[in-house]
Each structure stands twice: as C-alpha cells, then as structure tokens.
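Listed below are the residues making up each chain.
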Amino acid sequence: MPEFQTSPGMRDVLPPESARWRRFVRTFDETVSAAGYGQLVPPLLEDIGVFHRVGEATDVVSKEMYDFVDKGERHVALRPEQTASVCRAFVQHRPVTPWKVWYAGPNFRYEKPQRGRYRQFDQVGIEVLGSQDPLLDVEVIALGWRFFQQLGLRQVSLVVNSLGEPDDRAAFVVALRTYFEANLTRLTPESRLTLARNPLRVLDSKRSEDADVIAAAPRIANFHSESARRSLSAVCAGLGALEIPFTVDDRLVRGLDYYRLTTFEFVGRTLDSVQNALGGGGRYDGLVEDLGGPATPGVGFAIGLDRTLLACDDEGVFDAPEERVDVFVIDTTGGMNALLLTDQLRAQGIRTDRAYENRSMKSQMKAADRSGAAIAVIVGPDEVATGTVVVRPLRDGAEQSTVSRSELTDTLRKALS
Ligand code: HAM
C-alpha cells in the first residue's frame with residue numbers, strides 16, 4: 001500500500017471519467033444558459049458566519065463543516081453548499097434583480113462516506129434572487145427536470161412540498177416537538193437526539209422502528225396559511241401545465257434550515273433510499289436578509305454530480321465519452337520531426353499525439369493503436385530527405401499514401417471528415 005492515499009470520502013477522478021464530469025457540467029451550462037442564467041464562481045472558502053446562516057440546527061453546519069482559523073485569525077470554512085455563498089455575493093455586489101446565476105464545483109461535508117455520499121462532492125445548481133413569483137419556482141424546477149432529460153435519465157421522480165410561511169413553519173415545529181415528546185419512548189435513540197436539535201428532521205428518519213410514530217405525526221399541510229396554500233397550488237398548476245410529473249409529499253423536509261414555502265427533491269429511483277436524492281431545493285426568502293442584505297426572495301436547487309452519475313450508470317445512459325486523438329505521429333529519426341509535426345497539426349486544430357524516447361517503429365505503432373487514432377503519420381529518413389510523410393489509415397484498411405508536408409493538413413482533414 002502506498003504511504004499516501006486520498007482521505008476518506010475523497011476521490012481522484014481519472015480519465016475517461018473526468019471527461020464525463022466535464023460533459024455533465026457542459027450539459028448543465030447549456031440547459032441553464034439558454035434560460036438566461038450566468039455563471040457565478042464563488043470561492044471554496046468563506047467566513048464561517050456565512051454558513052451559520054444555513055442553520056445552526058442542521059447537521060451540515062453543526063457536525064459536518066470543515067472549518068479552521070486561518071493565518072490571519074479568521075474563522076473560515078470550506079463551503080458545504082453554495083446557496084449561502086450566492087446570497088453573500090448578492091449582498092456584496094448588489095446586482096440588478098432578478099439575479100439568475102448557476103454554479104458548479106466541489107463542496108465539503110464531513111459525513112460518513114459510503115456509495116453516493118462523500119466528503120468532497122460536486123454540485124451543479126441555479127439560484128434566482130429577487131422574485132417571489134411561484135411561476136419562477138416552476139421555471140427552476142423545470143430546468144432541473146430538463147437537465148435530467150438531457151442526460152437521458154428516466155428513473156427520476158419529482159417530489160414537491162411547501163414548508164409554509166415562517167409562522168406556519170414555526171407553529172408546525174412546535175406541534176411536532178410536542179407530539180414527539182409525548183411519544184418519546186416509541187422513537188429510536190438516534191431520532192431522540194435529532195428531536196433535541198431539530199424536530200423537522202425526525203420526519204426524515206429512514207429507520208423502520210420510527211415509521212409508525214412518524215406516520216401519525218402532525219402534517220405541515222394542516223398548518224399552511226392561505227398564502228402558502230395559494231403558492232403551492234400555483235406551483236402545482238405550473239408543473240401540470242408543463243406536463244412534468246410530480247407528487248406532493250407533505251413529509252418532505254430538507255436538510256438545510258433556510259427553506260420556506262416551496263421545497264422539492266429529485267429522487268433517483270434506482271438508488272438506495274438513504275442516498276436517493278439526486279438534487280433538491282426550494283425557496284429561501286429570508287436568507288439574503290439574514291446575511292445583512294435587503295429583504296430579497298430567493299429560489300434555487302443543487303444537483304449532486306456524483307450521485308446523478310451513479311444513477312446514469314444504473315440506467316446505462318450518459319456514458320464516459322471516448323477520449324482519443326485523431327492522428328498519431330511516428331518518427332524514426334530521433335523525435336525532432338515528431339515535435340514539429342505534432343505542433344503544426346495541433347495548431348491547425350487536429351487532435352494529435354506521439355511517442356517519446358526514440359522507440360522502435362514497432363513500439364511506436366503499438367502506441368498509435370493504443371491511442372485510438374484513425375491515422376498514423378510516419379516520418380523516416382527517406383521522408384525527411386524528400387520533404388514528405390507517409391499517411392497510413394489505421395482502422396478502415398485503406399491504402400497508405402505519401403504526401404508532401406505542405407499537403408499534410410488538407411489530406412488529413414479530408415481523410416478525417
Ligand atoms: P442538499 O440537499 O444539501 O441541498 O444537496 C443537494 C444535492 O447534493 C443532494 O441531493 C445530493 O445529490 C448532493 N449531495 C449532498 N451531500 C452529498 C454528499 N455528502 N455526497 C454526495 N452528494 C451529496 C443543497 O446543497 C442546497 N444548497 C440546494 C439548494 C439550492 N437549495 C436552494 N438552492
């Protein structure tokens with residue numbers, strides 16, 4: 001075993017998988033850029049106070065943060081998510097609203113690593129600041145839905161809920177706490193601990209021993225004010241109009257504390273129930289204010305790249321693209337000709353590779369095969385003397401030809417097209 005390996009919950013992403021990651025982000029970019037979203041690239045590290053606003057009672061903040069005091073005595077944290085950073089950036093830069101941004105990149109949570117749950121994981125996401133329109137919630141959800149379709153995923157379910165206005169939610173939390181406290185002995189010890197921190201999260205328990213007591217617990221729908229009900233039905237009507245299938249589940253609670261009104265989750269039906277949330281989001285109308293900005297509504301979602309790619313594997317869609325060059329230069333004169341030719345072809349936009357260390361012709365041919373190139377360009381002493389190269393097709397059995405160096409690019413372009 002080597003002395004140094006990646007830390008638990010962290011991974012190297014090697015080629016060709018890394019190419020699939022790039023394509024994932026590109027597909028997301030294309031989907032949301034077409035809807036007027038611009039990319040925000042926030043730093044990986046923020047003042048820890050930014051994330052405290054995500055909710056001191058959430059595991060993400062209280063237990064899982066990678067935080068430390070830097071050399072300037074600032075208490076900072078690696079971001080566990082990016083919504084808080086987007087709101088911090090909004091308060092700092094005061095862009096014109098509605099501010100529509102997307103982001104992609106790694107986040108850090110000190111969780112127990114398992115399949116689909118890592119300590120460094122990537123998300124893509126969007127956020128819109130500055131509009132309360134429930135039809136914007138629909139737009140946001142629809143863009144997530146469209147993205148899954150672009151990937152080719154079919155086994156995705158959309159679950160929608162409303163956590164109500166802040167007063168509805170507060171009354172619901174009180175009722176939940178009272179109910180669970182009266183039924184304490186029927187809860188698992190883990191859920192009793194959760195109850196002490198955050199009664200809402202008890203609803204999220206996947207332990208079968210908790211199922212009965214949770215089933216009979218108060219329901220948020222009974223606490224919805226008129227405005228919360230109106231907003232939820234507008235969201236449902238919008239999703240219906242777009243023919244996006246969904247279910248309303250008033251047991252859906254999210255792991256972060258800033259939500260109010262619309263919340264939603266995209267669930268991967270092929271994944272284990274503990275890690276089957278491919279992405280989720282909702283409204284967080286108080287967060288900008290909590291971070292010192294003017295009262296500004298917000299809505300968005302984040303989709304987990306790692307988990308979504310696992311779901312793609314399960315469905316056999318969105319494969320790793322083949323990464324290969326088109327041309328492989330074989331030089332039996334020492335290597336300087338390969339240096340010049342690869343440089344010339346790459347400058348013309350032709351994907352080109354070569355071998356090194358002046359290997360034998362046979363060994364260079366093997367390397368050419370391994371590279372996946374369609375064509376070998378061969379230079380030996382005879383070709384150098386006549387200013388030519390040999391162009392040898394590697395796959396389709398076509399005849400090789402000798403061409404002058406000045407004709408090489410055109411010949412290759414024709415052969416490759
Ligand atoms: P979240 O539900 O905490 O929401 O994370 C969104 C997605 O990130 C999850 O559904 C999951 O796919 C992925 N994810 C989270 N933790 C891990 C992990 N440890 N390993 C692998 N994947 C993980 C948020 O982060 C909110 N900021 C979403 C949002 C945006 N709400 C409003 N706007």
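## A word on the nonpolar core
Grouped together as the largest cluster of nonpolar side chains are 44 residues, with contacts concentrated most on Phe 24, Tyr 37, Ile 126, Val 140 and Leu 158. Where this core is concerned, the elements lending two or more residues are helix 1 (17-33), strand 6 (120-129), helix 5 (134-151), strand 7 (156-162), helix 10 (226-241), strand 9 (260-268), strand 11 (298-304) and helix 12 (305-315). It is helix 5 that contributes the most residues to this core, 10 residues altogether. With near-sequence residues (within four places) excluded, Ile 126 lies in contact with Phe 28, Val 32, Tyr 37, Val 101, Trp 102, Tyr 103, Val 140, Leu 143, Val 299, Gly 300 and Phe 301.

## Describing empty space enclosed by the protein
A complete count under the given rule lists 1 cavity of 30 Å³ or more for this structure. A volume near 40 Å³ is recorded for the largest cavity. Together, Asp 331, Gly 334, Gly 335, Ala 338, Arg 354, Ala 355, Tyr 356, Glu 357, Asn 358 and Gln 364 line the largest cavity. A class-by-class count of the residues in the lining of the largest cavity yields 3 nonpolar, 4 polar and 3 charged.

## Section: the sheet that holds strand 11
Strand pairing in a sheet relies on backbone hydrogen bonds, with the paired strands running either antiparallel or parallel. Read from one edge to the other, the open sheet built from 8 strands follows the order 1-5-6-11-10-9-7-8, with strand pairing classed as mixed. Each edge of the open sheet carries a strand with a single partner, namely strand 1 (38-39) and strand 8 (247-248). For strand 7 and strand 8, the ladder comprises 2 bridges, and the chain directions are parallel. In the strand pairing of strand 8, Val 159 is matched with Thr 247. Here helix 5 sits on the sheet in contact with strand 5 (99-108), strand 6, strand 7, strand 9, strand 10 (277-283) and strand 11, set at roughly 15° to strand 11.

## Quick word on the packing of helix 13 (residues 336-347) against helix 16 (residues 408-416)
Where helix 13 meets helix 16, the closest approach of the two axes is 11 Å, and the angle between their N-to-C directions is 60°. Taken together, the axis directions place helix 13 and helix 16 in an arrangement best described as oblique. Once helix 13 is placed against helix 16, the crossing between them reads as right-handed. Of the residues in helix 16, those in contact with Leu 341, Gln 344 and Leu 345 of helix 13 are Leu 408, Thr 409 and Leu 412.

## Remarks on the environment of Val 288
Inspection of the secondary structure assignment puts Val 288 in helix 11 (residues 287-290). Taking C-alpha positions, Val 288 is 9.1 Å from Val 86, a pair spaced 202 residues apart along the chain. With sequence-adjacent residues up to four places away left out, Val 288 is seen in contact with Cys 87, Phe 90, Val 91, Leu 129, Gly 293, Pro 294 and Thr 296.

## Side note on the site of the ligand
Among the 27 residues in the neighbourhood of the ligand, the closest are listed as Glu 81, Thr 83, Glu 111, Arg 254 and Tyr 259. One of the backbone N or O atoms of Tyr 118 is found 2.8 Å from a nitrogen atom in the ligand. Separating an oxygen atom of the ligand from a backbone N or O atom of Ala 277 is a distance of 3.0 Å. When contributions to the shell around the ligand are tallied by element, the ones reaching two or more residues are strand 6, strand 10 and strand 11. It is strand 10 that contributes the most residues to the shell around the ligand, 6 residues altogether. A per-class count over the shell around the ligand returns 11 nonpolar, 9 polar and 7 charged.

## What about the sheet that holds strand 3 (residues 67-69)?
A sheet is described by the order of its strands in space; here 3 strands give the open sequence 2-4-3, paired in antiparallel fashion. One side of each edge strand has no neighbouring strand; the edge strands of this open sheet are strand 2 (45-47) and strand 3. Put simply, the sheet's adjacent strands are angled 35° from each other on average, direction ignored. In the sheet, strand 2 pairs with strand 4 (residues 75-78) via 3 bridges, with the strands oriented antiparallel. Looking at strand 4, one finds that Glu 46 is bridged to Ala 77.

## Topic: the domain arrangement of the protein
Domains assigned within the protein are domain 1 (17-165 + 225-315) and domain 2 (327-416). Taking the mean C-alpha position of each, domain 1 and domain 2 sit 48 Å from one another.

## Brief notes about the pairing of strand 15 (residues 388-393)
Both faces of the sheet carry side chains from a regular strand, because those side chains alternate between them. With 4 bridges connecting them, strand 14 (residues 375-379) and strand 15 associate as antiparallel partners. Note that in strand 15 the partner of Ile 378 across the bridge is Val 390.

## Concerning the side chain of Thr 83
The topology assignment puts Thr 83 in helix 4 (residues 83-93). Within the local environment of Thr 83, its side chain forms a polar contact with the side chain of Glu 127, the two groups lying 3.0 Å apart.

Calculation criteria
- Residues numbered from 1 in each chain as written.
- Predicted model: local features only at pLDDT ≥ 70, side-chain atom pairs only at ≥ 80, totals over all residues.
- Heavy atoms only, no water.
- Core = buried A, V, L, I, M, F, W, Y, C linked by side-chain atoms within 4.5 Å.
- Buried < 20%, exposed > 50% of the residue type's maximum accessible area, 1.4 Å probe, protein only.
- Helix = DSSP H or I, 4+ residues; strand = E, 2+ residues; numbered from the N terminus.
- Contact = heavy atoms within 4.5 Å.
- 1 Å grid on protein atoms, 1.4 Å probe; cavity = no way out; pocket = protein on both sides within 12 Å on 5 of 7 lines; lining within 4 Å.
- Points joined across faces, edges and corners; volume = space filled by probe spheres on them.
- Nonpolar A, V, L, I, M, F, W, Y, C, P; charged D, E, K, R; others polar.
- Pairing = 2+ DSSP bridges.
- Axes fitted to C-alpha atoms, helices over the stretch in contact; angles between N-to-C directions.
- Parallel < 35°, antiparallel > 145°, perpendicular 65-115°, else oblique.
- Left-handed = near helix turned anticlockwise from the far one by under 90°.
- Near = heavy atom within 4 Å.
- Polar contact = N/O pair within 3.5 Å; in protein donor to acceptor, adjacent residues only side chain to side chain.
- Domains from an automatic or database assignment.

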